[in-house]
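Listed below, chain by chain, are the residues.
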Amino acid sequence: MNLPSVRLYDTLARRKEPLHPLEQGVVRIYSCGPTVYRYAHVGNLRTFMLPDLLRRSLEYLGYRTEQVMNITDVGHLTDDTFDRGEDKMLVSARLEKKSPEEIAAAYTEAFLDDIGLVNIRPAAHYPRASDYVPRMLELIEALIQGGHAYVVDGTVYYDIASFPAYGKLSRNTPGKLMAGHRGEPDPRKRHPGDFTLWKAAGENRLQVWDSPWGPGFPGWHIECSAMSMAILGDRFDIHTGGADNVFPHHEAEIAQSEAVTGHRVVSVWMHGGLLMLSGSRMAKSAGNFFRVTELREQGFDPLAFRYLALQAKYRAPLNFSSEGLAGADRAVRQLRERVADWVRGERGADTPDREEWDSRFRAAIADDLDTPRAMALVAELVRSGVEPATKAGLLTAWDRVLGLDLHRGGKELSLPDGASALLAEREQAREAKDFERSDQLRDQLAAMGVAVLDTAEGQRIKR
Ligand SMILES: [Zn+2]
């Protein structure tokens, strides 16, 4: 099997590197998934679009993929809030008067619905953190045994000074973290950058597990070390996350996993750029966020958001605005209509350069998932003199990667009674060069709410 070579930007190497899967032809991917005590906003969805785009691209190029995405149903999000003893899952549970399990189940379902709306295909595995606590305890025990962790009053901290490579992903080395530390140092920590592996349970906690250090709950970072290695083994190909996961989450994951195994676990680290709204990052805490269902309620096609995202490099920050979304919405609907027209159009000889167009598309996605280049190629193909059936065929094939439902145009366009007969008559009139009749028919159709445009490929209709 001769698969095309793929180059991906590795955050750790800080350059594009050729992908060499551990198993020939199969790419195994671990993706940091949602925390299920709240709804995902479109900024989160952009992050989850990266592994989807990665998988679709690799599969288009002939690889097989296996993706694991964890579900964080143990309620802490960041070390900061975590260290203050807050537990968002519990806050939600109290606010909504439900058990943490009920909260997690409800938001997991909402997450799966939301990703479906933007054509993010589900992962092969969705491990829940709460199911992997025994595995986390094993890792924490191994870290203590190996001299990488210490226990203070039932809480276990990772000793970042014990791992010389700490900082290799984010460049936040222990020295820099020490210099940048503000405020009172936590007297229980040896270094202000030490992070929590296991947190002693406070009072009134609902989610508590027994451990050799007393009752408590796991830190967020150890969850991903445990679940990734439990399912994919202690070496796998690609780890994805948002740019905001680089530090501390992934730096900590490397320190944990590599200290336990003694070798590199992840071959390529990929991070998606953040979604910005009026210059700041879309975040629940900042109050500037949208759910994809809200965009739909405003009349946008959810896939317009996907179109918008594809026009930017996945690594670049992307500005979100209603104007940008409206433009993407128009563009994706137009593209579908054209595909529908071309599919309906008469089939001519397949264009001899079909293969050449497709190889250009493959080259774009194989070059670090260069979707702006792929989308420019789409526009070039649309404008080109390529035979309509070939255009439709190429765009439908490429849509396996783009995921814009480009085949859907015809179905969206339901014509009022009698319109299709008038359209057929007008087609005949045009063929007979009876432009007077053709114009009359166009006016009649317009009165029915159907706009007709004459293009090189024939009539195009718009409701
Ligand atoms: Zn993670």
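Residues numbered from 1 in each chain as written. Predicted model: local features only at pLDDT ≥ 70, side-chain atom pairs only at ≥ 80, totals over all residues. Heavy atoms only, no water.

(A) Looking closely at the overall build of the protein chain. Counting secondary structure elements, the protein chain contains 17 helices and 15 strands. Once the C-alpha set of the protein chain is aligned to its principal axes, its extents read approximately 90 × 50 × 35 Å. Relative to its full complement of 463 residues, the protein chain shows a buried share of 53%. Put simply, 75% of the contacts in the protein chain that link residues at least 6 apart link residues at least 24 apart. Approximately 20,400 Å² of the protein chain is accessible, and the part contributed by carbon and sulfur atoms is 50%. (Helix = DSSP H or I, 4+ residues; strand = E, 2+ residues; numbered from the N terminus. Buried < 20%, exposed > 50% of the residue type's maximum accessible area, 1.4 Å probe, protein only. Contact = heavy atoms within 4.5 Å. Areas by Shrake-Rupley, 256 points an atom, 1.4 Å probe, with all protein chains shown as cover.)

(B) Representation of the nonpolar core in the model. Core analysis: the biggest nonpolar cluster contains 71 residues, and Phe 305, Phe 320, Leu 395 and Trp 398 have the highest contact counts within it. A total of nine residues in this core trace back to one element, the largest contributor, which is helix α1 (residues 42-60). Two domains share this core, each providing at least three of its residues, namely domain 1 (29-272) and domain 2 (292-412). For Phe 320, the residues in contact, after removing those within four places along its chain, are Val 42, Leu 275, Met 276, Leu 277, Met 282, Phe 290, Leu 295, Phe 305, Leu 308 and Leu 325. Counting residues in each nonpolar core, the second largest holds 38 residues, with Leu 169, Ala 226, Leu 232 and Ala 255 among its members. (Core = buried A, V, L, I, M, F, W, Y, C linked by side-chain atoms within 4.5 Å. Domains from an automatic or database assignment.)

(C) Summary view of the packing of aromatic side chains. The tally for this structure, following the rule as stated, stands at twelve aromatic pairs. Put simply, the rings of Phe 48, Phe 111 and Tyr 126 touch in pairs and so form one group of aromatic residues. Sitting over the face of the ring of Tyr 150, Arg 190 holds its NZ or CZ atom 4.0 Å from the ring centroid. (Phe/Tyr/Trp six-rings, centres within 6.5 Å; stacked < 30°, edge-to-face > 60°. Lys NZ or Arg CZ within 6 Å of the ring centre and 35° of its normal.)

(D) Representation of α1 within the structure. With 19 residues, α1 should cover 27 Å at 1.5 Å per step; its first-to-last C-alpha distance of 25 Å lies within 8% of that length. Counting buried positions over the 19 residues of α1 gives 18, a clear majority of the element. Positive phi shows up at Gly 62, right after α1, with a value of about 110 degrees. (Expected span 1.5 Å × (residues − 1).)

(E) View of the pairing of strand β6 (residues 155-158). The alternating pattern of β6 places Thr 155 and Tyr 157 and Val 156 and Tyr 158 on opposite faces, both of which are buried. Here strand β5 (residues 149-152) runs beside β6; their pairing, made up of four bridges, is antiparallel. Across the sheet, Ala 149 pairs through a bridge with Tyr 158, a residue of β6. Counting the residues between successive antiparallel strands, the hairpin from β5 to β6 contains two residues, one of them, Asp 153, with a positive phi of roughly 50 degrees. Two strands pair when backbone bridges link them, and β6 and strand β7 (residues 196-200) are joined in this way by two bridges, in the antiparallel orientation. Note on β7: the bridge partner recorded for Tyr 157 is Thr 196. (Pairing = 2+ DSSP bridges.)

(F) Fine view of the pattern of salt bridges. Applying the stated criterion across every chain, the model contains 32 salt bridges. A salt bridge links Arg 56 to Asp 52, with the shortest nitrogen-to-oxygen separation between them at 3.0 Å. Taken together, the residues Arg 56 and Asp 52, both in helix α1 and four residues apart, mark about one turn of the helix. In this structure Arg 56 comes out as buried when scored by relative accessible area, which is 8%. The partner of Asp 358 in a salt bridge is Arg 362, and the shortest N-O contact between them spans 2.9 Å. Linking Asp 358 with Arg 362, this pair stays in helix α12 (residues 354-366), spanning four residues, or about one helical turn. Put simply, Arg 426, Arg 430, Asp 439, Arg 442 and Asp 454 are held in one network by salt bridges that share partners. (Salt bridge = Lys/Arg side-chain N within 4 Å of Asp/Glu carboxyl O.)

(G) View of unusual backbone geometry. Cis peptide bonds are those with omega within 30 degrees of zero, and the linkage from Phe 247 to Pro 248 qualifies with 0 degrees. Relative to the elements of secondary structure, Pro 248 occurs in helix α8 (residues 246-261). A positive phi angle, near 70 degrees, is found at Arg 171, a position not held by glycine. The class of Arg 171 is partly exposed, set by a relative accessible area of 47%. Even without glycine at this site, Leu 369 takes up a positive phi of about 50 degrees. Note on placement: Leu 369 falls in the loop between α12 and α13 (371-383).

(H) Here's a closer look at the domain arrangement of the protein chain. Each domain of the protein chain was delimited in the assignment, giving domain 1 (29-272), domain 2 (292-412) and domain 3 (419-462). The C-alpha centroid of domain 3 is placed 27 Å from the C-alpha centroid of domain 2. The interface of domain 2 with domain 3 comprises eight residues on the first partner and five residues on the second. Both faces considered, domain 2 and domain 3 share a buried interface measuring about 560 Å² in area, 38% of it formed by carbon and sulfur atoms. Summed over the three residues of domain 2 that lose the most area to domain 3, namely Glu 337, Arg 338 and Asp 341, the buried surface amounts to 62% of that side. There are zero residue pairs in polar contact (both at pLDDT 80 or more) connecting domain 2 and domain 3. Those elements that place two or more of their residues in the side of domain 2 that touches domain 3 are α11 (322-344) and α14 (388-402). A per-element tally of the side of domain 2 that touches domain 3 places α11 first, with six residues. (Buried area = accessible area lost by both parts, 1.4 Å probe. Polar contact = N/O pair within 3.5 Å; in protein donor to acceptor, adjacent residues only side chain to side chain.)

(I) Local environment of the sheet that holds strand β3 (residues 26-31). Judged by pairing direction, the sheet is parallel, and its four strands sit side by side in the order β4-β3-β9-β10 without closing on themselves. Among the strands making up the open sheet, the edge pair consists of β4 (64-69) and β10 (266-272). Taking the axes of each pair of neighbouring strands and ignoring which way they run, one obtains an average angle of 25 degrees across the sheet. (Axes fitted to C-alpha atoms, helices over the stretch in contact; angles between N-to-C directions.)

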